[in-house]
Every structure is written in C-alpha cells, then in structure tokens.
Amino acid sequence: MSTLAVHDHGIVHHEEGHEHHHKATFLNTYVFSQDHKMIAKQFLVTGITMAFIAMTLSILFRIQLAYPDKSFPLLETLLGRFAPGGRLSPSFYMSLVTIHGTIMVFFVLTAGLSGTFANLLIPLQVGARDMASPFVNMLSYWFFLIASIIMLSSFLVQKGPASGGWTVYPPLSALPKTMPGSGEGMTLWLISMVCFIGSSLMGGINYVSTVLNMRTKGMDLWKMPLTVWALFLTAILGVLAFPVLVAGVVLLIFDRSFGTSFYLSDIVIAGQVQPYEGGSPILFQHLFWFLGHPEVYIVIMPAMGISSEVIAVNSRKPIFGYHAMVYSLIGITVLSFIVWGHHMFVTGMNPFLGGVFMITTLIIAVPSAVKTFNWLATLWRGNIRFTPAMLFAIGMVSFFISGGLTGIFLGNAALDINLHDTYFVVAHFHLVMGSAAIFGMLAGVYHWFPKMFRRMMDERLGYLHFWLTFIGAYLVFFPMHFMGLDGVPRRYYAFTEFESMKRWLTVNVFITWSAIMAGLGQVAFLYNFIHSIFWGKKTVQNPWNANTLEWTAPIEHFHGNWSGEIPTVYRWPYDYSKPGAEEDFIPQTVPFSQTMSSNLPHDFEDNPAGLEQQTQWTNTQKAKEEVK
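Residues numbered from 1 in each chain as written. Predicted model: local features only at pLDDT ≥ 70, side-chain atom pairs only at ≥ 80, totals over all residues. Heavy atoms only, no water.

Observations regarding a nonpolar patch on the surface
Taken together, L221, W222, Y327, I330 and V334 make up a surface patch of nonpolar side chains, about 440 Å² in accessible area. By secondary structure assignment, the location of V334 is in helix 10 (residues 322–335). (Patch = residues over 30% accessible without salt bridge, like charges linked within 9 Å, V, L, I, M, F, W, Y side chains within 5 Å. Areas by Shrake-Rupley, 256 points an atom, 1.4 Å probe, with all protein chains shown as cover. Salt bridge = Lys/Arg side-chain N within 4 Å of Asp/Glu carboxyl O. Helix = DSSP H or I, 4+ residues; strand = E, 2+ residues; numbered from the N terminus.)

As for helix 15 (residues 423–453)
When the local axis directions of helix 15 are compared, the greatest deviation, roughly 50 degrees, occurs at H447, which is followed within four positions by the proline P450. Most of helix 15 sits inside the fold, with 29 of its 31 residues counted as buried. A positive phi of about 65 degrees marks R454, the residue just after helix 15. (Bend = angle between axes of the 7 residues up to and from the residue. Buried < 20%, exposed > 50% of the residue type's maximum accessible area, 1.4 Å probe, protein only.)

A short note on the environment of F144
Tracing the chain through its elements places F144 in helix 6 (residues 134–153). Look at F144 and you get buried, because its relative accessible area is 0%. Not counting chain neighbours up to four residues away, the residues in contact with F144 comprise F43, T46, F107, A111, F196 and S199. (Contact = heavy atoms within 4.5 Å.)

With respect to the packing of helix 4 (residues 90–108) against helix 15
Two elements in contact, helix 4 and helix 15, have axes separated by 12 Å at closest approach and are oriented at 50 degrees. With respect to their mutual orientation, helix 4 and helix 15 come out oblique. Helix 15 is crossed by helix 4, and the crossing has left-handed handedness. Two secondary-structure elements touch here, helix 4 through H100, M104, V105 and V108 and helix 15 through H430, M433, I438 and M441. Tallied by class, residues from the contact of helix 4 with helix 15 come to six nonpolar, two polar and no charged. (Axes fitted to C-alpha atoms, helices over the stretch in contact; angles between N-to-C directions. Parallel < 35°, antiparallel > 145°, perpendicular 65-115°, else oblique. Left-handed = near helix turned anticlockwise from the far one by under 90°. Nonpolar A, V, L, I, M, F, W, Y, C, P; charged D, E, K, R; others polar.)

Some thoughts on the packing of aromatic side chains
In the structure shown here, the tally under the stated rule is 58 aromatic pairs. Centre to centre, the rings of F26 and Y30 are 5.3 Å apart; their planes meet at 40 degrees, and the pair counts as tilted. Of this pair, F26 and Y30 both sit in helix 1 (residues 26–31), four residues apart, roughly one helical turn. An angle of 75 degrees between the planes, with centres 6.0 Å apart, marks the rings of F196 and F242 as edge-to-face. With F196 in helix 7 (residues 184–213) and F242 in helix 8 (residues 226–257), this residue pair connects regions lying 46 residues apart in the sequence. F196 sits in the buried class, given a relative accessible area of 0%. Judged by its relative accessible area of 1%, F242 falls in the buried class. A cation over an aromatic ring shows up here: K70 above the ring of Y67, its NZ or CZ 5.7 Å from the ring centre. (Phe/Tyr/Trp six-rings, centres within 6.5 Å; stacked < 30°, edge-to-face > 60°. Lys NZ or Arg CZ within 6 Å of the ring centre and 35° of its normal.)

Remember that the coordinates give geometry; whether it matters functionally is a separate question.
Spelled out as structure tokens, the structure:
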C-alpha cells in the first residue's frame, strides 16, 4: 500500500513505501494507464493527430480560396457529395472552416498543449509521484478522446459537420433547418464539446490539487518553475471559465430540441415566420466569450511557461525578473475575465460599456509586455545554445510580439468597428494565439522529448522543421493584415463573387502555397517524432544541464518517478552561470552548504541558520586571504 507523510512544513508527499502491486498488463500500461507520464504521451499523440487533421482541412479550404472557379476531380473522388464537380460545396467549405477552428483551439491548443505538459511536468517538477487522483486523470484523457471521435464522426453524417463557424453563433447553430451543417453535425459538435469540457474540468481540478497539496519538501511556491506556475494558473482559468460554456451549450440544445427561445426571436425562414419570441443571440455571445477570452490565455499561458523555461536553460542565464513573471501571469489570469466584451463592440453595445472593455483590454497588454521584456532581457548577452527547442521558444516570442501589437488596434472600439470580421482579425489571432502557442508547444516537445521517450530527436530535421514553419507561418498570416485593412471579410467562399475582392485573388494563391510549404515542414516533424521514438539516439539523464527536478528522476520509467525518497528542494530553479560556481548550472536539489563560493545573501531569505553558516565561511575565507 502507498503511504503518505506530512512534513513539518505542512506539505504532503509520497514516501518511499509507495509501490504499485497490481500486475502490469498492456491495457493498464498503455491504454488505461494511470501513470501521469503515459497519460501525457496519450494527450500528445492524440493532439498531434488532431493537429494534422485540422491542417489538412485548412489546406482544402485554402485551395478553394486560391482557385475558386477551378475544378479538381481528385476532390470529388476524396470527398464525394461534399465536392460535386471537383469543387467544394459552399456549406461544406463552411464546415471545414468550423471544424478546423474548433479542433485547433480546443483539441490541439487546449487539450494537446495543457494535457501533455501539465501531466508530464507538474508531478515531476513539484516532486510528486503522480497526480492527486490518477484515476480521474485517466478519465480526463478518455473524455478527451471520446470528444475527438464524436467531433470527427460528424463528417460521416448525411448533411455533413457543423458549419456555423467555431463560435457557433445562433441562429445558424440554433435552428437545424437553416443550412445543412446546422443539423446532426451541429448536434454532434455540441455533444463533443460537453465531453471535452468534462475532460478539461477533471484535468484542471487535478492539476490545481497536485500543485497545492503534493509539493516535495522545500518546494514552496517561489521555488516552482515558471512552467508549473503557468500550468497551475491555466488550470484555474479553465475550472472557472469552462462551466459558463456548458451553460451556453445546454441552453442552445434546449433551443434546438425543445422549442425554447433563449437565443431566438423574430426568425423568418423561406418566408415563413417562426414561432420564436423573446430570445437574444447576444446572450449566447456573452456566455461564449466569457469563456472565449480566458480561452485565449488558457491556450497561450502554457506556451509562455514552456518558453520561459527553455529560454533560461538555453541562454545559460537566470530568467530575468522571476517574481515579475509570476505576478504578470497572475495579472493576466485575473484580467482575462473582464475583457470579453471587446469581441462584441459591433453588437450595439452601450458606448460607455464598450469604453470600459476597451480600457481593460489595453491594460491586459501591460503584463504581456512585462513577459516580453523579461524574455528579451534573459536572451540579452546570454551564452545561447540554438537547439531546436530554443529556436521554437524564440519563435514563440516573435509571434507573440508581432501578433500582440495588432491586438492593440482591435482592442480600440472605434478601429474595431472597421476591422471586425475581416482578415485582419484572422491574421491577429493566428499569429498571437495560433502560431505563438504552437511554437511554444513544439519547443516543449523538443525540450522534454528525452524525458518522455528516453531518446533524442534529430537536430537537423528540427532545424528544417523550424525554418519551414516559421517562414511559412509569416508568409501565410502577415499578408492577411493588408487584406483586412482593405475590408476583405472572413469566411467568404469565393473572392470572385465581388469586384472589390478580386484584386486579392493572387495573394490568396500565394498564401495557399505558403500554407502547403508550412504543411510539408510538419511532415518533417512527424517523421522525426516517430523515428526518434524507436530509433533516436539514447539520452543521458540530464541532456540539457537543467536545474529542475524532472531531470533528477531516473531515465527508466516506472509509476512513482523516483525510487526511494523524493529529492528535497533547496533553491529556485534558475541558478545558471552563477559567479563563483564550479559549473554553469546548480540543480534545485543541491544544498547551499555545497556551493559556499557562489551563495548570495538573498539565497537565505527564509534560512537564518544557513545565512549564519555562510557568513562564518565568508569570514574564514577573508581571514585566509589576509594571512596570504
């Protein structure tokens, strides 16, 4: 049986008596595993699979935008009734846009990113043998997988998947007969999202409980790596915000199936007045965006934490402004709940209320800027190692800056009225949320791949992957800013339908081929990922000379992480290139008594006995020098 011990500092952790006596089988080791490391791999592989599906969907609708009047017989062969005559049907085009956005925002950038790295890193970096509830952790993955299967199964129904956009605004989502994608496909979308939110809530509660209750001896909050802080605050965001979307979805199901009018009023279809009165589609927007804007930070904050860790490790410098980085994450977490209205400036909102949301939106740029300056200061004059992980972390900072600056335009109510629902918005969120978060996720994959699979990824393929993806992403999304400034609306099926939009047809061709180039870069990554799992070079225990606790765990994987007692933590995780130290890194498990020559007064803030010992050692050294 496992035993627990409570140390005198009040933190619970598992003692060395922790053993699992159940017989290891294929099912409980690889399928219904309760080991957080295996569950992290399951989230990662499922997330990568969903990402490739979403990428394929995007290339299909990009081909339609680049060549709207051209027939591709192969499309009819592959898609059948959804591409009659070799051209996508308008309703299926909308379905592709909808499912692409849904998969990327929720299934890849939320579950794939947080599910992978929260499961892998939280127990290992805080010094726990597993999550607070391994069984609930297992359930969170299976709810995610079921949600993924239901979402993809909507391609198999007669009228096709949901097609109301990833925001599924009523009335398109509330009236099954408005368009083909409003029927069974939308029902499956709603069921899938309820399962997905169940997964997110189970995971989030587990992550918060583990961080608060299961840190090892010496691991106080100010000794936690920034990755754990980011994942911890992301989990809090999800637990508070996702239930609101559940409420919105339940009311939408009532409108669709039981004749209620929460979101519907004064509806006319084909000349027939529908019996709906008193509802408001604006109510759905409030409920959706109350989750939707915290969702932006649920997506980007794990990438921020991962990039902070990777940049510090590969700059061989302490992260600049650790406390400021933590407080900025907390600031983003709080402020993200009071900015959702900037998505609704064109809904007839009271100008005073619009002004309030505009101010809070601009204020949230402050903690984001703090993080940006601190990353740049960490890189400044560092002894930088340009590993693939480091390149992707720097790429994340680049996209966060370039995409974030355009957010200032969209946060201004007067400017947003002109730019709303144009390609400017598409460019903004694909850079600041999509590309930045994907680059943070890929930085994490390259950095912690040795921890997950005990082998190294091929660096040359990693460099090829980075440059194809980095250049491709900018070539795809940067031109869209100029399309948006010219008033080109998003989600239009063909640019040849309007004279004012025809001039951008050649730009769409350029964007489509850039997207195909970036897609080929992901094929290089997939080959590298799969090949390295089985045939990559075997890793050593700490390949990056990093300080955090996960690199003290044995290379061999077993449920429990450490054999014997869990290591004790003595210092913060960013003691890199410390003056006077013998090496350029000092792991968190090294006591200050072993590094007398490099200790500083602030290292002993909560340790007066250690400070006294250090002072005696310093005085002794001075006396020896005076004698000499």
